[in-house]
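Now for the letters of each chain:
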Amino acid sequence: MQFADRKEAEAFLAAHPDVRSIELFIIDSNGIPRGKLLHRDELLAIYDNGRPLPSSILALTVQGEDVEGTGLVWEVADADCWTYPLPGSLTLQPWRSSPTGQLQVSMHPTQGLPATPADPRQALSRVVERLKADGFHPVMAVELEFYLLDKQRDAQGRPQPAVQMNGIRPEAPQVYGVYELEQLQPFLDDLYTACEIQGLPVRTAISEYAPGQVELTLEHRFDVMQAIDEGVRYKRLVKGVANRHGLQACFMAKPFGDRAGSGMHLHVSLADEQGNNLYASEDIHGTPLLRHSIGGMMSCLLDSLAIFCPNANSFRRFQANSYAPLAKSWGVNNRTVSFRVPGGPAQSRHIEHRICGADANPYLAAAAILAAIHKGIRERIDPGAPIVGNGYEQATEFLPTDWLTALRALEASEWAREALGEEFLKVFLAIKWEEFRQFMGEVGEQDWRWYLHHA
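- As recorded in an unreviewed UniProt entry, the protein goes by the name Glutamine synthetase family protein, listed as coming from Pseudomonas triclosanedens.

Encoded structure:
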């Protein structure tokens, strides 16, 4: 694990004498940034000696409640665990009303104990190092869909898409509508500016398949840790910029029952040490390595579904003809399958993993995907024939559509324990089972049966 050099902090403080506060955060199991707001005078010490955070910061539900079953709360006396800054993460938060910095940290491999094994970024780092040891350098990019909502609810207390510049609240999907993007120009202008300031490689903006739903793409990165770090920081930035505009950026997988869900598509390929794409082929189906990678992802799909779809709401997204996948399937230039090989030049050949909801933790999703790819390569797993045409009509092995089945599959998975680490999995499952119990207490047994039937 590489941490940042003190010179980064010295240069930042010299360049920004007006910055008084710095938001320090770590990403928890649910993908939520948690940390503290520090004074600028505290910054250099973090680079020299690290910054302690309580062990319980990585033992929280999505609501921010302690989960004692993680073993990171009372039985370790909520111990201080040392974190250190990540290179390149010290930047500005331009959406703040006063000059404010931002710094992402991760647990130190030894000084961060006992919380280190529960750090999602550490889980991804371990998977990446195993791939690199076998000569495979993963290349990834993140696509995140989200809704822009009014902070004010409708008369029934439900969320509603934000009013456009023209004063109209959108009701029609208007997918790929350029006029709809024009209506978001003040927000998008500030978002692109903020991304430039933070060095985030945000590119194409798209009006997605629902009113108020947007997607922006991030560039591929040869360094997968950089790609996922940028995806995490982009999500934080979108929420901040939206808040500055009096809006709410919603990354729920299915905030509206009758409208499109929001996904997180992860684009992945493998390269050699020089950066040459090992999936590259004039054959649109890619190399045998690409097909074995898909075979591995298909074989581990059930075991990792609770990571890709980490909440009860996540499973609402799986509906036919919704552009969300329903089955273990792959295809070329086909958006009705789970694993899509996009068209394009041979050197651009890669796989688009389309299963994750926008609520998934990018570190954990990437770790599960890459570990499954590694398994597929080692075992030369054949994914079978690609789907041609409508994958919804040809689906045979359907994905489970309920949270309970996915949690049980992850808990029973020997592959997941080996891939993600037994200690990490213990913490993650303790959190998720606690959230499941809370969910059951809210919906009741009768509603749960209805949910299983209609999900």
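1. Observations regarding the overall build of the protein
Thought 1: Each helix and strand counted, the protein has 13 helices and 14 strands in total.
Thought 2: Once the C-alpha set of the protein is aligned to its principal axes, its extents read approximately 60 × 55 × 50 Å.
Thought 3: For the protein, contacts bridging at least 24 residues in sequence account for 72% of all contacts bridging at least 6.
Thought 4: For the protein, the accessible surface area stands at approximately 18900 Å², while carbon and sulfur atoms represent 49% of it.
Thought 5: Placing the 42 positive and 57 negative side-chain charges of the protein at their respective mean positions leaves the two points 1 Å apart.

2. Section: the packing of aromatic side chains
Thought 1: The tally for this structure, following the rule as stated, stands at 9 aromatic pairs.
Thought 2: Relative to Phe-318, the ring of Phe-315 has its centre 6.2 Å away and its plane inclined at 65 degrees; by these criteria the two rings are edge-to-face.
Thought 3: For Phe-315, a relative accessible area of 0% puts it in the buried group.
Thought 4: Taken together through their ring pairs, the aromatic side chains of Trp-403, Trp-433, Phe-436 and Phe-439 make up a single cluster.

3. With respect to the side chain of Lys-375
Thought 1: With respect to the secondary-structure elements, Lys-375 resides in helix α9 (residues 362-379).
Thought 2: The class of Lys-375 is buried, set by a relative accessible area of 18%.
Thought 3: Once residues lying within four places of it in the same chain are set aside, the contact partners of Lys-375 are Ser-299, Cys-300, Ile-381 and Trp-415.

4. What about the pairing of strand β4 (residues 80-85)?
Thought 1: As paired strands, strand β3 (residues 51-54) and β4 are joined by 4 bridges and run antiparallel to one another. Across the sheet, Arg-51 pairs through a bridge with Thr-83, a residue of β4.
Thought 2: Where β4 and strand β6 (residues 100-107) come together, 3 bridges link them in antiparallel fashion. Along β6, the bridge assignment pairs Tyr-84 with Ser-106.

5. What about a negative patch on the surface?
Thought 1: Together, Glu-65, Asp-66, Glu-68 and Glu-75 give the surface a local cluster of negative charge.
Thought 2: For Glu-75, the position within the fold is in the loop between β3 and β4.
Thought 3: Note on Glu-75: relative accessible area 63%, which makes it exposed.

6. Observations concerning the nonpolar core
Thought 1: Judged by nonpolar contacts, the single largest core of 102 residues is most densely connected at Phe-146, Leu-191, Tyr-234, Phe-308 and Leu-370.
Thought 2: For this core, the element with the most residues is α9, which contributes 12 residues.
Thought 3: Among residues more than four places away in sequence, those in contact with Tyr-234 are Leu-144, Phe-146, Leu-191, Cys-195, Leu-200, Val-202, Leu-216 and Leu-218.
Thought 4: In terms of nonpolar packing, the next biggest core, distinct from the first, is built from 29 residues, Leu-72, Val-73, Cys-81 and Ala-430 among them.

7. A word on the pattern of salt bridges
Thought 1: Summed over the entire model, instances satisfying the criterion amount to 18 salt bridges.
Thought 2: Between Glu-23 and Arg-96 there is a salt bridge, with its nearest N and O atoms 2.8 Å apart. Here the residue Glu-23 occupies a position in strand β1 (residues 21-27), and Arg-96 occupies one in the loop between β5 (91-92) and β6, the gap between them amounting to 73 residues.
Thought 3: Measuring nitrogen to oxygen at the nearest pair gives 3.3 Å for the salt bridge that ties Glu-434 to Arg-437. Taken as a pair, Glu-434 and Arg-437 lie in helix α13 (residues 422-454) at a separation of 3 residues, close to a single helical turn.

8. Regarding the side chain of Asp-402
Thought 1: Its place among the elements puts Asp-402 in the loop between α10 (391-394) and α11 (403-411).
Thought 2: Buried charge without a salt bridge: Asp-402, with Arg-408 as the nearest opposite-charge side chain at an N-O distance of 6.9 Å.
Thought 3: There is a polar contact of 3.2 Å between the side chain of Asp-402 and the backbone nitrogen of Leu-404.
Thought 4: Within the structure, the side chain of Asp-402 is placed 2.8 Å from the side chain of Thr-405, a separation counted as a polar contact.

9. So, the packing of helix α3 (residues 120-133) against α9
Thought 1: At a closest axis distance of 8 Å, the pairing of α3 and α9 adopts a crossing angle of 25 degrees. If you check the angle between α3 and α9, you find them roughly parallel. For the element pair α3 and α9, the recorded crossing hand is left-handed. Taking contact as the criterion, the partners of Pro-120, Arg-121, Ala-123, Leu-124, Val-127, Val-128, Arg-130 and Leu-131 in α3 are, on α9, Tyr-363, Leu-364, Ala-366, Ala-367, Leu-370, Ala-371 and His-374.

10. Quick notes on α9
Thought 1: In a regular helix each residue adds 1.5 Å, so 18 residues correspond to 26 Å; α9 covers 26 Å between its end C-alpha atoms and thus fits that length.
Thought 2: Within α9, 16 of the 18 residues are buried, which leaves it mostly tucked inside the rest of the structure.
Thought 3: Directly after α9, the chain includes Arg-380, whose backbone phi takes a positive value near 50 degrees.

11. Some thoughts on the pairing of β1
Thought 1: Buried residues dominate β1, accounting for 6 of its 7 residues.
Thought 2: In this sheet, β6 lies alongside β1 in parallel orientation, the contact comprising 5 bridges. Residue Phe-25 lies in a different strand from β6, and its bridge partner there is Gln-104.
Thought 3: In this structure, β1 lies alongside strand β2 (residues 33-39), joined through 7 bridges in antiparallel fashion. Bridged to Glu-23 within β2 is Leu-37.
Thought 4: Between the antiparallel neighbours β1 and β2 lie 5 residues, among them Gly-31 with a positive phi of about 80 degrees.

12. Some remarks on the confidence of the model for the protein
In low-pLDDT segments, the atomic positions of the prediction should not be examined closely.
Thought 1: For the protein, mean pLDDT is 92; residues scoring 70 or higher make up 96% of the total.
Thought 2: For residues 448-455, every residue scores under 50 in pLDDT, and the model assigns this stretch 18 contacts once sequence neighbours within four places are set aside.

13. Here we look at empty space enclosed by the protein
Thought 1: Per the counting criterion, the structure on display carries 1 cavity of 30 Å³ or more.
Thought 2: Around the largest cavity, the lining residues are Met-297, Cys-300, Leu-301, Ser-304, Phe-308, Phe-339, His-353, Ala-368, Ile-369 and Ala-372.
Thought 3: Grouping the constituent residues of the lining of the largest cavity by class yields 8 nonpolar, 2 polar and no charged.

Each value, and the rule that gives it
- Residues numbered from 1 in each chain as written.
- Predicted model: local features only at pLDDT ≥ 70, side-chain atom pairs only at ≥ 80, totals over all residues.
- Heavy atoms only, no water.
- Helix = DSSP H or I, 4+ residues; strand = E, 2+ residues; numbered from the N terminus.
- Contact = heavy atoms within 4.5 Å.
- Areas by Shrake-Rupley, 256 points an atom, 1.4 Å probe, with all protein chains shown as cover.
- Lys, Arg positive; Asp, Glu negative; His and termini not counted.
- Charge placed at Lys NZ, Arg CZ, Asp CG, Glu CD.
- Phe/Tyr/Trp six-rings, centres within 6.5 Å; stacked < 30°, edge-to-face > 60°.
- Buried < 20%, exposed > 50% of the residue type's maximum accessible area, 1.4 Å probe, protein only.
- Pairing = 2+ DSSP bridges.
- Patch = residues over 30% accessible without salt bridge, like charges linked within 9 Å, V, L, I, M, F, W, Y side chains within 5 Å.
- Salt bridge = Lys/Arg side-chain N within 4 Å of Asp/Glu carboxyl O.
- Core = buried A, V, L, I, M, F, W, Y, C linked by side-chain atoms within 4.5 Å.
- Polar contact = N/O pair within 3.5 Å; in protein donor to acceptor, adjacent residues only side chain to side chain.
- Axes fitted to C-alpha atoms, helices over the stretch in contact; angles between N-to-C directions.
- Parallel < 35°, antiparallel > 145°, perpendicular 65-115°, else oblique.
- Left-handed = near helix turned anticlockwise from the far one by under 90°.
- Expected span 1.5 Å × (residues − 1).
- pLDDT = per-residue confidence, 0-100.
- 1 Å grid on protein atoms, 1.4 Å probe; cavity = no way out; pocket = protein on both sides within 12 Å on 5 of 7 lines; lining within 4 Å.
- Points joined across faces, edges and corners; volume = space filled by probe spheres on them.
- Nonpolar A, V, L, I, M, F, W, Y, C, P; charged D, E, K, R; others polar.

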